Each structure stands twice: as C-alpha cells, then as structure tokens.
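These are the residues of each chain, in order.
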Amino acid sequence: ARGLTGRPARPAAPAFAAAPQGQGLPRAEPSAGGGRPLNVGERVEACWGNSRSSRWYPGVVDKIVYGGYEVRWDDDGSFNVIVAERVRPAPPPPREDLNALL
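Read on for a plain summary of the structure. (Residues numbered from 1 in each chain as written. Predicted model: local features only at pLDDT ≥ 70, side-chain atom pairs only at ≥ 80, totals over all residues. Heavy atoms only, no water.)

**Thoughts on the sheet that holds strand 3 (residues 68–73)**
Sheets are built from strands that pair by backbone hydrogen bonding, the pairs being arranged parallel or antiparallel.
Move 1: One open sheet holds the 5 strands; their spatial order is 4-3-2-1-5, and the pairing between them is antiparallel. The outermost strands of the open sheet, each flanked by one partner alone, are strand 4 (79–83) and strand 5 (87–89). Direction aside, neighbouring strands of the sheet carry axes that sit 45° apart on average.
Move 2: Sheet topology note: the strand 1 (residues 43–48)/strand 5 ladder contains 3 bridges and is antiparallel. When the bridges of strand 5 are listed, Ala46 appears paired with Val87. (Pairing = 2+ DSSP bridges. Helix = DSSP H or I, 4+ residues; strand = E, 2+ residues; numbered from the N terminus. Axes fitted to C-alpha atoms, helices over the stretch in contact; angles between N-to-C directions.)

Right under this line is the structure:
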C-alpha cells in the first residue's frame, strides 16, 4: 500500500510494553543518534520497525519528549514517539539545476 506521498506506507504501530515504574529510557536531552538536539518543527527521518525490517520515513518533530521525539509522519499525518537514537535530521532537498530554469 502507498501513503499520501506515493511512498510505501508505514506498517501499523507495534505493541509496546510499559517500562516498570522508575525505569525506562535514560533521562538525557534527546539527540539525533548522539548528534545535535533536534527542534520542534524540524524535518527529520525516523527509523520505524524492528531491527530486521527497519526503514527510515520522513516526518516532522512535533514535540520533544522523555528520551526522544514525537514525530508526525509525512505519509498520513499520524504521530508516534520515537527514541532519540532512531531520529535524524532529514537530508536537504535536492537543489534544482539553475541552468535548467533559464
């Protein structure tokens, strides 16, 4: 199935077990795979899926949350919380050849 952008649609959200109280993700400022922190509204790619079928999908940071980011997906506008290590800045859009525009 294809999403709104014409790209393959993301699979349904996996079921997550709640972490025991007082445990869970480390309390660290979210960062892109150990890189710089990302900002709300920033275009990103987030890794979705288990380790064998992981794929990177485009989206936007909607919120900074404990240990990660809430990402709004480009394909359908839904939201998911993704751990910081699985979110990275989106690559810049391709530059158009200026000669082709003349």
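**Here we look at the pairing of strand 3**
For a regular strand, side chains alternate in direction, first toward one face of the sheet and then toward the other.
Move 1: Most of strand 3 is tucked away: 5 of the 6 residues are buried.
Move 2: By the bridge criterion, 6 bridges tie strand 2 (residues 55–65) to strand 3 in an arrangement that is antiparallel. Residue pairing for strand 3: Lys63 is matched across the bridge by Glu70.
Move 3: Two successive antiparallel strands, strand 2 and strand 3, enclose a turn made up of 2 residues, where Gly67 displays a positive phi of approximately 80°.
Move 4: Sheet analysis places strand 3 next to strand 4, joined by 5 bridges and oriented antiparallel. Within strand 4, the residue paired with Gly68 across the bridge is Val83. (Buried < 20%, exposed > 50% of the residue type's maximum accessible area, 1.4 Å probe, protein only.)

**A word on the side chain of Glu42**
Move 1: Relative to the assigned elements, Glu42 resides in the segment before strand 1.
Move 2: On the basis of relative accessible area, Glu42 is assigned to the buried category, the value being 16%.
Move 3: When neighbours within four sequence positions are excluded, Glu42 is seen to be in contact with Arg36, Gly59, Val60, Val61 and Pro89. (Contact = heavy atoms within 4.5 Å.)

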